[in-house]
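# Fold and contact review
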Amino acid sequence: MFHLKRLLKICATVATLLFSLHVVSLGFMRTATYDKYQTFIKSRTDYDVLFFGTSHMLNAVNPMQLWADYRIASYNLSYHSMGPVPSYWILRTAALYHKPKVAVLDILGVNAIKKQANLQYFHDVMDTFPLSPAKLSGIFDIFLDSKMRAELIFPFYSYHNRWKDADFSFKLNDAVSRLRGAYLPYPTKGMDFRIDVKGPEVFNMEVKNRYDGRDSVGMEYIRKFIAWCKQKDIQPLLIFIPYSAQENLADWKEALLPLCKAEGVPLLDLTDGIVDFDIDQYDQNSHLNPSGARKVTEAIGAYLSEHFDCDSHTAAAAYTQWHDDYEAYRSWLLSLIAQQTDFKKLLMMTNCSEVYANVTAGYGVTFDETEEKLLFKNGSDIRFTRSEEAGQTISVTVFEQGTEREVTRMTLRIE
């Protein structure tokens, strides 16, 4: 009896300690990524399509646009530096909660020569997912260092040092609410908006990491991704997101085509003629801004609708929540547009179906090449007029489509 009581006390102490560590971890967890992956996990409906890959996919595919235009239910599970190796394990972990019909993988990273992923980014993705055999296998497969493994299994091991960061602190209210299962719905279903316009000076970024034709770890895990999808009756799709290092893409495509042919897996190449790098990229690493993402998402939606069994959920009662989610996304997007104070960024953000813009310019105003494209060649609903006055003033008024409600107004005087 004495030994039993002692054993029970030890078990209770260990359980209390583990629970306390779990609560503290929840209080330190990064809010944005927690909300992103909880929104995915807690969805009441399954997904037709899940997207995996690096930040290039993260910035390029808008699930809410796919819903609005094609009634395709999707989620963007991509994240920074998550090439084929971590993407394979993210797929296996995510499928425990929602098994998709189609799994789309960004091929950036096919030339990777080692498994190890960025530790902090892997934390951001995986910490929200409860520990499971798939998550545990991914941790042990990718990370060889025992300390890295330990902090991924017990996130508090990592979080306890964050008190040193001036902008990071423990939030008890967050810990309690998360313990209860609370989270803020992620309006974009996982996509990350990056708002900027980089011009032609960054086009054709430096070629590096050339693929020399040898097998690579990246290629090995693309094969694993395909094989696991087939085993679970998921249709795999490989995709080339627009990327300005064209010579790299040529090497990767040459390496992947034989694999795709042998496996019967389609390869969707969006690198030619879909985006305009003068106006559709956010930075000099060719990440896409929302304008570029609209064009890529449109191309992906058309392809999925034509080649895959992606249901149109227009009348499906189970997907009623998606209509409400879209209205929440629409409100979020209009608020984001209203915050823009830069002329080019505001023009770029009008390239969406939710708004149109009236632009009036004095006769003395001239536009540079980037502004000309944003105004007249980007597919935005922009209604342009010249003022009768010969001044140097530009006025922009953005309205919500359908309601005619004014979203924002900007007046610029050109010196």
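Further up the page is the structure itself.
Keep in mind the model is a prediction, meaning the values are calculated, not measured.

## Details of the overall build of the chain
Looking only at helices and strands, the chain features 16 helices and 9 strands. Taken over 415 residues, the chain has a buried fraction of 52%. When contacts within the chain are restricted to residue pairs at least 6 apart in sequence, long-range pairs at least 24 apart make up 81% of them. Total accessible area computed for the chain in this model is approximately 19,600 Å², and 52% of it derives from carbon and sulfur atoms.

## Overview of the nonpolar core
Phe 40, Phe 52, Phe 122, Leu 238, Leu 256 and Ile 337 are the most contacted members of the largest nonpolar core, which has 89 residues in total. By residue number, the principal contributor to this core is helix α11 (residues 217–231), which donates 8 residues. In contact with Phe 52, not counting residues within four places along its chain, are Met 57, Leu 77, Ser 78, Ser 87, Ile 90, Leu 91, Ala 103, Val 104, Leu 105, Asp 106 and Phe 225. Counting residues in each nonpolar core, the second largest holds 24 residues, with Ile 72, Val 275, Phe 277 and Ala 299 among its members.

## Describing the sheet that holds strand β5 (residues 267–269)
With respect to topology, 5 strands assemble into an open sheet ordered β2-β1-β3-β4-β5, the strand pairing being parallel. Two strands lie at the open edges of the sheet, namely β2 (74–76) and β5, each paired on one side alone. On average, each strand axis in the sheet is tilted by 20 degrees relative to the strand beside it, whichever way the strands run. As paired elements, strand β1 (residues 49–52) and strand β3 (residues 102–106) share 4 bridges and run parallel to each other. When the sheet's bridge partners are listed, Phe 52 is paired in β3 with Leu 105.

## Here's the deal with a nonpolar patch on the surface
Together, Leu 131, Leu 136 and Phe 140 make up a nonpolar patch on the protein surface, roughly 260 Å² of accessible area in all. Locating Phe 140 in the fold gives a position in helix α7 (residues 133–142). Looking at Phe 140, the relative accessible area reads 40%, which means it is partly exposed.

## Regarding the pattern of salt bridges
A complete count under the given rule lists 14 salt bridges for this structure. The shortest N-O distance in the salt bridge between Asp 48 and Lys 101 comes to 3.7 Å. In this pair, Asp 48 is assigned in the loop between α2 (31–41) and β1 and Lys 101 in the loop between α5 (84–94) and β3, connecting sequence segments 53 residues apart. Residue Arg 383 is joined to Asp 381 by a salt bridge in which the shortest nitrogen-to-oxygen separation is 3.1 Å. Look at the salt bridges and you will find they share partners, linking Asp 276, Asp 278 and Lys 373 into a network.

Rules and cut-offs
- Residues numbered from 1 in each chain as written.
- Predicted model: local features only at pLDDT ≥ 70, side-chain atom pairs only at ≥ 80, totals over all residues.
- Heavy atoms only, no water.
- Helix = DSSP H or I, 4+ residues; strand = E, 2+ residues; numbered from the N terminus.
- Buried < 20%, exposed > 50% of the residue type's maximum accessible area, 1.4 Å probe, protein only.
- Contact = heavy atoms within 4.5 Å.
- Areas by Shrake-Rupley, 256 points an atom, 1.4 Å probe, with all protein chains shown as cover.
- Core = buried A, V, L, I, M, F, W, Y, C linked by side-chain atoms within 4.5 Å.
- Pairing = 2+ DSSP bridges.
- Axes fitted to C-alpha atoms, helices over the stretch in contact; angles between N-to-C directions.
- Patch = residues over 30% accessible without salt bridge, like charges linked within 9 Å, V, L, I, M, F, W, Y side chains within 5 Å.
- Salt bridge = Lys/Arg side-chain N within 4 Å of Asp/Glu carboxyl O.

Structural measurements only, silent on function.
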